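Working through the structure, step by step
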Amino acid sequence: MNLKIIEQNEEITLTENNGRVFIAITNGGYNLKKFDELTRKHTRLKVSNFLALKNAMEHKTDDPIEIGSWIESMELEISADKMEALLTIYESQAYIQENLAEIHTNIQKVLQEQQIIYGHKPIDLLNVKSGKTYIVATGLPPQKGENAKVTYLDQAEKRPVIKEDGNADFFDMNFIVEIKEGSWLGEKIPPQKGVDGINIVGENVPAEPGDDIKLKYDTKSAYEVEEDGKTVLRSKTKGIIGEINGVLSVQKHLVIDGDVGLETGNLTFDGSIQVKGTVMAGYSVIASGDISIDGKVGVNAAELIKSTEGDVFIRGGIFGRGVTKVEAYKNIFVKHANECTLEAKDTINIGFYALGSIISANQILLDERKGKIIGGKTIAVNSITAAYSGNSLERKTELIVQGIDRKILKENAKEKAQKMIKLQEEMSKLEIQIDQLKNAFTVQQIAVFEQTKQKYNQLQVEIKEIDTEIKRILRTLRQSNDYYIHITKEANAGTMIQIGYKSSVLSNPTKGKFKIENGELNV
């Protein structure tokens, strides 16, 4: 066996043959501490047979005993994606400093052998540490393309504007945006191509295009068309822009040029209704979309104004005479409310005053400078804000903020989510049936196909409704627990303040933000 001497002295002989390392110990005083010094000197030595080394130290022998391996001077590791090369030099620092040119040449040789031709990164050989890994080549990563960009037609900003000139319309809103057939509703700039990269062996690395985004719209009322490299969304019909369950739609729009009364009768409409006059005493308006009553004289003793999916706007206010009821799935905007009932799931905005009315919503807002709540019962889940409550005659005025039971709401959301999952599973089964029946040719098969499609569409509507309700609950849960009643100017004596189960009737005028502090109502 042809052994190459690595280290030889009066105590040991360390040799190597074909990468295998042998030791012969001729002095019984040789120990692990001395061997450790040897390994620090010869950093390419890797001991793998510690038992043989221990035996050699305990029983000195002139015969070479294999204890490990003599590793390569340097090791190159290439990442799986060929975007990075890592070099580890195992020579001692002393050897590196004495043989800089040789080490540099060997590095270039290793890179060449592995065909690494791109992204070379020099390393500072004067400061290289033995056994530490250094990056010697880096590829150019591909750049992902820009994502698709979607823009929609802005809907009317439903926010009351309170004016101070004393003569103008005090509750003026651009409540409804009318559109014509073929109108622009939105557009999508498609995802862009990315910029290709290159790896360390010179290969092209394809870039991913940007993520696509679907235009969300009701296919019954809008369509897509390619224009100038963009996908443009246009209206199939005239109507008003709206949103149902997060999907853009063009809703049917009924315009009444005058009043709702003897000539029109009660109105029920699947869409939005704009009444340019008023709703006469005893008549009703029910719509699935938004309802706008634009007459400046307001509503006088109408029976019912109800939006099952949208908002209600009454420009001139309400004189309810104890019979008028207004309901909205979302919000109500009204100039004033006089002896009527208002119910909304989100917010009720009242411009001037609420007198002797029953009002309930998640949040109730009156103008902080002059809005008054006098008499009646005002119930909110989250908050009530007004400038004044009650009057100097100490008229009984109930202001109640109920708060929420978060545990019950969470359970409710969980139950609805489980129900939605079951419905989605049922829809998946129906999709398979529809696909199997789409080529039906007998009368019976066609009938089954149509029934299956109808059931599928019904489930789709139900799932959207549940999803909307879950989102509403989650939105409520995300709200802070800061339930309050805020009277900015004066809360008169006779006002009942209630937060949760804590209540108090004011005996003296006051003002402020009333809420629960340290378990008690801060009245």
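Everything below is about the structure printed above this text.
This text gives an overview of the structure that appears in the document. Quick caveat, the model's predicted, so the values are computed rather than measured.

With their axes 8 Å apart at the nearest point, helix 5 (residues 406–437) and helix 6 (residues 443–478) run at an angle of 160° to one another. Viewed along their axes, helix 5 and helix 6 adopt a mutual orientation that is roughly antiparallel. Once helix 5 is placed against helix 6, the crossing between them reads as left-handed. Partitioned by chemical class, the residues of the contact of helix 5 with helix 6 number 18 nonpolar, 7 polar and 12 charged.

Read from one edge to the other, the open sheet built from 3 strands follows the order 6-7-8, with strand pairing classed as antiparallel. Of all strands in the sheet, those with a lone pairing partner are strand 6 (74–78) and strand 8 (133–138), marking the two edges. The sheet shows a mean angle of 25° between the axes of neighbouring strands, taken without regard to direction. Examined bridge by bridge, strand 6 and strand 7 (residues 84–89) share 5 bridges and lie antiparallel to one another. Bridged to Glu77 within strand 7 is Leu86. Lying on the sheet, helix 4 (residues 100–113) is in contact with strand 6, strand 7 and strand 8; it crosses strand 6 at an angle near 35°.

Here we come to the pattern of salt bridges. In total, this model carries 19 salt bridges according to the counting rule given. Here Lys276 and Asp257 are joined by a salt bridge, their closest N and O atoms 3.9 Å apart. With Lys276 in the loop between strand 20 (272–275) and strand 21 (284–287) and Asp257 in the loop between strand 18 (253–256) and strand 19 (267–269), this pair connects stretches of sequence that are 19 residues apart. Each of Lys306, Lys325, Glu327 and Glu343 takes part in one network of salt bridges that share partners.

If a residue is not glycine, its phi is most likely negative; likewise, a peptide bond is most likely trans. At Lys82, a residue that is not glycine, the phi angle is positive and equals roughly 60°. Looking at the secondary structure, you find Lys82 in the loop between strand 6 and strand 7. Backbone geometry places Asp228, a non-glycine residue, at a positive phi of 55°. By secondary structure assignment, the location of Asp228 is in the loop between strand 14 (222–227) and strand 15 (230–235). Overall, the relative accessible area of 80% leaves Asp228 in the exposed class.

Bringing the nonpolar core into the picture now. What tends to happen in soluble globular proteins is that the nonpolar side chains get buried as a cluster. Ile305, Ile314, Ile332, Leu342, Ile348, Ile350 and Ile485 are the most contacted members of the largest nonpolar core, which totals 46 residues. Counting residues per element, this core draws most heavily on strand 31 (residues 358–366), which supplies 4 residues. Beyond its immediate chain neighbours, meaning those up to four positions away, Ile305 contacts Val279, Val285, Ile291, Ile293, Val299, Val312, Ile314, Lys325, Val326 and Glu327. Counting residues in each nonpolar core, the second largest holds 17 residues, with Ala85, Ile116, Ile123 and Ala137 among its members.

Note on sheets: strands pair through backbone hydrogen bonds, and any given pair is parallel or antiparallel. One open sheet holds the 5 strands; their spatial order is 1-2-3-5-4, and the pairing between them is antiparallel. Strand pairing shows two members of the sheet lacking a second neighbour, strand 1 (4–8) and strand 4 (45–47), which therefore form its edges. For this sheet, the mean inter-axis angle between neighbouring strands, taken without regard to orientation, is 40°. Pairing geometry for strand 2 (residues 12–17) and strand 3 (residues 20–25), over 6 bridges, is antiparallel. Residue pairing across strands places Leu14 opposite Ile23, the latter belonging to strand 3.

About the thresholds
Residues numbered from 1 in each chain as written. Predicted model: local features only at pLDDT ≥ 70, side-chain atom pairs only at ≥ 80, totals over all residues. Heavy atoms only, no water. Axes fitted to C-alpha atoms, helices over the stretch in contact; angles between N-to-C directions. Helix = DSSP H or I, 4+ residues; strand = E, 2+ residues; numbered from the N terminus. Parallel < 35°, antiparallel > 145°, perpendicular 65-115°, else oblique. Left-handed = near helix turned anticlockwise from the far one by under 90°. Nonpolar A, V, L, I, M, F, W, Y, C, P; charged D, E, K, R; others polar. Pairing = 2+ DSSP bridges. Contact = heavy atoms within 4.5 Å. Salt bridge = Lys/Arg side-chain N within 4 Å of Asp/Glu carboxyl O. Buried < 20%, exposed > 50% of the residue type's maximum accessible area, 1.4 Å probe, protein only. Core = buried A, V, L, I, M, F, W, Y, C linked by side-chain atoms within 4.5 Å.

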